[in-house]
Amino acid sequence: MYRRIVVLTGAGISAESGIQTFRDQDGLWEQHHIEDVATPEGYERNPELVETFYNDRRAQLALDTVQPNAAHLALARLEREFNGDCLVVTQNIDNLHERAGSHQLIHMHGELAKGRCPGSGQTFMLQAPFGPDNVCTCCLPAERLRPHVVWFGEMPLEMERIYDALERCDLFLAIGTSGTVYPAAGFVEVANHYSAHSVEVNLAPASGQSQFQYHMTGRAGELLPKLVDNILAGAPLW
Ligand code: BV8
C-alpha cells in the first residue's frame, strides 16, 4: 500500500518513558521561561542556567527507569520490516529512538548527548556535564561547549533532507506533537500538498482545524503497535 513513510515525533512519544513534555500539565515550559533556557540570548545572558537545564535533562535520561517505550519500539520495527523507505524525523533531543533500534533518524532540534563548539560548529559526544571546564578540542584557546540543541530563532538541522523526504512520501505520521513549533508544525501541509496520506496520533483529540486526514486519539504506546501492524499488513488505516 505505502512505499515511502515519514514519521514526525514530538515530546509526547517519550512521555510514557517518564520524560516530561513541554506543554502538558507540569511540562518543562511551566518550570522555565523559554526565552531563558531555549534561546541563544538566554544562553548569552546566563550560560550556567541553560547548562543546568540541559544537565538536569541529561541526568534524567541516564536513569535506568527511562527506557524506550512501545511506541519507540514500534517505529523501529516499522523501519526493520517495512518494504520501502521509512524516515523518523524527531523534534526530541533524547536518544530513545536510537536505543529502540531506529537508524533512519534525523534529530532536527539536536541531541542532548552532544555538545557543540561555538567556534567551529564541530559536535562532540559529551563525556561530562556542560560547564566552564567542558571545552572543545578543536580551537586554541579551547571554547566552552554549548548544548548541540536548536534553540528558538536558530535553524533546525537537515531541513533539505527533510523536505525532500516530505515531498516524496506517501504516508506522513505525526506522533505526540502539539504542532506549535515551526517549521516542524508545517510539515503536514507539505505532505498533504504532495498528496500523501497524513495521520496524527495524539493524546488530545484533534482541534477543529486539524490538517491531518485521520486522527487517532490515545497514548502512542498503545496505538502505535497496532498502527504499525496495519501498515505492514497493507491494511487501510481508516
Ligand atoms: C526557526 C529545543 C527560522 C530543544 C525546541 C521569532 C524569531 C525566530 C523564529 C520564530 C520567531 N517567532 C516564531 C518563530 C518560529 C519558532 C516557533 O515556531 N515559535 C513558536 C513558539 C511559535 N521556531 C523557531 O525558532 C525554529 N527555528 O524558525 O528558524 C530561521 C530562519 C532563518 C534563519 C534562522 C532561523 C526553531 C524551533 C526549535 C526550538 N527548540 N527545543 C529542547 O530543549 O528540547 S522546541 C521544543 O518544543 C521541542 O523541541 C519541540 O520541537 C517543540 C514542540 O514541542 P512538542 O514536541 O510538540 O511537545 P509539546 O509538549 O508541545 O506537545 C506534546 C504533545 O504530545 C501534546 O500534543 C500532547 O497531547 C501529546 N502527548 C502527551 N503524551 C502523549 C501524547 N501523545 C501521544 N501519547 C502520549 N502518551
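Read on for a plain summary of the structure.

1. A closer look at the sheet that holds strand β5 (residues 123-125)
Link 1 in the chain: Taking strand neighbours across the sheet as the criterion, the three strands line up as β5-β4-β6 in an open arrangement whose pairing is antiparallel. Among the strands making up the open sheet, the edge pair consists of β5 and β6 (146-149). Each neighbouring strand pair of the sheet contributes to a mean axis angle of 55°, computed without reference to strand direction.
Link 2 in the chain: Taken together, the three bridges between strand β4 (residues 110-116) and β6 define a ladder with antiparallel strand orientation. In the strand pairing of β6, glycine 115 is matched with proline 147.
Link 3 in the chain: With respect to the sheet, helix α4 (residues 47-61) is in contact with β4 and β6, its orientation differing from that of β4 by roughly 125°.

2. Concerning the nonpolar core
Link 1 in the chain: Core analysis: the biggest nonpolar cluster contains 25 residues, and Ile5, Leu173, Leu224 and Ile231 have the highest contact counts within it.
Link 2 in the chain: For this core, the elements supplying multiple residues, two or more each, are β1 (4-9), α5 (70-81), β2 (85-90), β7 (171-175), β8 (197-202) and α9 (220-233).
Link 3 in the chain: Ranked by residues supplied to this core, first place goes to α9 with six residues.
Link 4 in the chain: Not counting residues up to four positions away in its chain, the partners in contact with leucine 173 are Ile5, Val6, Val7, Leu8, Val199, Leu227 and Ile231.
Link 5 in the chain: Grouped together as the second largest cluster of nonpolar side chains are 23 residues, Ala38, Leu61, Val66 and Phe124 included.

3. Here we look at the site of the ligand
Link 1 in the chain: In the neighbourhood of the ligand, 34 residues make up the surrounding shell, with Phe22, Arg23, Gly153, Ser178 and Asn202 lying closest.
Link 2 in the chain: A distance of 2.8 Å is found between a nitrogen atom of the ligand and a backbone nitrogen or oxygen belonging to valine 150.
Link 3 in the chain: Leucine 203 is positioned such that a nitrogen or oxygen atom in its backbone is 3.3 Å from a nitrogen atom of the ligand.
Link 4 in the chain: For the shell around the ligand, the residue count by class is 16 nonpolar, twelve polar and six charged.

4. Some words on the pattern of salt bridges
Link 1 in the chain: This structure, assessed with the given rule, holds ten salt bridges.
Link 2 in the chain: Linking arginine 45 and aspartate 36 is a salt bridge whose minimum nitrogen-to-oxygen distance equals 3.1 Å.
Link 3 in the chain: A salt bridge links glutamate 111 to lysine 114, with the shortest nitrogen-to-oxygen separation between them at 3.0 Å.
Link 4 in the chain: Where salt bridges share partners, they join Glu16, Arg219 and Glu222 into one cluster.

Cut-offs applied
- Residues numbered from 1 in each chain as written.
- Predicted model: local features only at pLDDT ≥ 70, side-chain atom pairs only at ≥ 80, totals over all residues.
- Heavy atoms only, no water.
- Pairing = 2+ DSSP bridges.
- Helix = DSSP H or I, 4+ residues; strand = E, 2+ residues; numbered from the N terminus.
- Axes fitted to C-alpha atoms, helices over the stretch in contact; angles between N-to-C directions.
- Contact = heavy atoms within 4.5 Å.
- Core = buried A, V, L, I, M, F, W, Y, C linked by side-chain atoms within 4.5 Å.
- Buried < 20%, exposed > 50% of the residue type's maximum accessible area, 1.4 Å probe, protein only.
- Near = heavy atom within 4 Å.
- Polar contact = N/O pair within 3.5 Å; in protein donor to acceptor, adjacent residues only side chain to side chain.
- Nonpolar A, V, L, I, M, F, W, Y, C, P; charged D, E, K, R; others polar.
- Salt bridge = Lys/Arg side-chain N within 4 Å of Asp/Glu carboxyl O.

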